[in-house]
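Close look at the chain arrangement
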Amino acid sequence: VGLDDALSASGMLYLDDGHSFRYTEGEYAVREFTATYDARSSLLTLKSLASAASRDEASYATAERSERVVFYGVPRRPSMVRLAVLTSPSTPPSADPSLAMSVPFEYDDVTKRLLVHKLTTPILDDVMLAVHL
């Protein structure tokens, strides 16, 4: 995730089986990623949600898992990174602390790179990463 000067970013990820033409029958998924920063709380959040088109038109099942997320342009070392699986796209992870768990990370002061790893969440789950700066 390449952050801009406001510490925000957005993008999409397309998934299908990689070898058939079943995507023409709706067997694909599209994930939308949005990173935002709240200066008042010093919280950088990354949401991964099913796109509206993917929810309405596509049906793709996979056992693939998210393994890691790399952020570029993080200005300082986080104090903590938490992961929450969202029951709805508007559910904040802080609403129920038991839903969020701390996840391991590495930070490089020179390159301003943050590596969040060992996530092991299903890639099609709606999730939020909360980076406490």
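The structure reproduced in this document is the subject of the present report. (Residues numbered from 1 in each chain as written. Predicted model: local features only at pLDDT ≥ 70, side-chain atom pairs only at ≥ 80, totals over all residues. Heavy atoms only, no water.)

Attention now moves to the packing of aromatic side chains. Overall, the coordinates contain 2 aromatic pairs when judged by the stated rule. For the ring pair Tyr14 and Tyr28, a centre distance of 5.7 Å and an interplane angle of 20 degrees mean the geometry is stacked. Here Tyr14 is found in strand β1 (residues 9-15), whereas its partner Tyr28 is found in the loop between β1 and β2 (29-38), with 14 residues between them in sequence. On the basis of relative accessibility, which here comes to 16%, the residue Tyr28 falls in the buried class. Taking 6.2 Å as the distance between ring centres and 45 degrees as the angle between the ring planes, the aromatic pair formed by Phe21 and Tyr23 counts as tilted. (Phe/Tyr/Trp six-rings, centres within 6.5 Å; stacked < 30°, edge-to-face > 60°. Helix = DSSP H or I, 4+ residues; strand = E, 2+ residues; numbered from the N terminus. Buried < 20%, exposed > 50% of the residue type's maximum accessible area, 1.4 Å probe, protein only.)

Turning our eyes to something else, we now look at the side chain of Thr45. Tracing the chain through its elements places Thr45 in strand β3 (residues 43-50). Here Thr45 falls in the buried class, since its relative accessible area comes to 13%.

Glancing now at the sheet that holds β1. Reading across the sheet, the 6 strands line up as β1-β2-β3-β9-β5-β6 and stay open at both edges, with antiparallel pairing between neighbours. Edge positions in the sheet fall to β1 and β6 (100-102), since each of these pairs with one other strand and no more. Taking the axes of each pair of neighbouring strands and ignoring which way they run, one obtains an average angle of 20 degrees across the sheet. Sheet analysis places strand β5 (residues 80-85) next to strand β9 (residues 127-132), joined by 6 bridges and oriented antiparallel. The residue of β9 that forms the bridge with Val81 is Val131. (Pairing = 2+ DSSP bridges. Axes fitted to C-alpha atoms, helices over the stretch in contact; angles between N-to-C directions.)

Moving on, we come to the sheet that holds strand β8 (residues 113-122). Strands in a sheet are paired, the pairing made by backbone hydrogen bonds, and the direction either parallel or antiparallel. Taking strand neighbours across the sheet as the criterion, the 3 strands line up as β4-β8-β7 in an open arrangement whose pairing is antiparallel. Each having just a single partner strand, β4 (65-72) and β7 (105-108) make up the two edges of the open sheet. On average, each strand axis in the sheet is tilted by 15 degrees relative to the strand beside it, whichever way the strands run. Relative to β8, β7 is paired through 4 bridges, and the arrangement is antiparallel. If you follow Phe105 over to β8, its bridge partner there is Val116.

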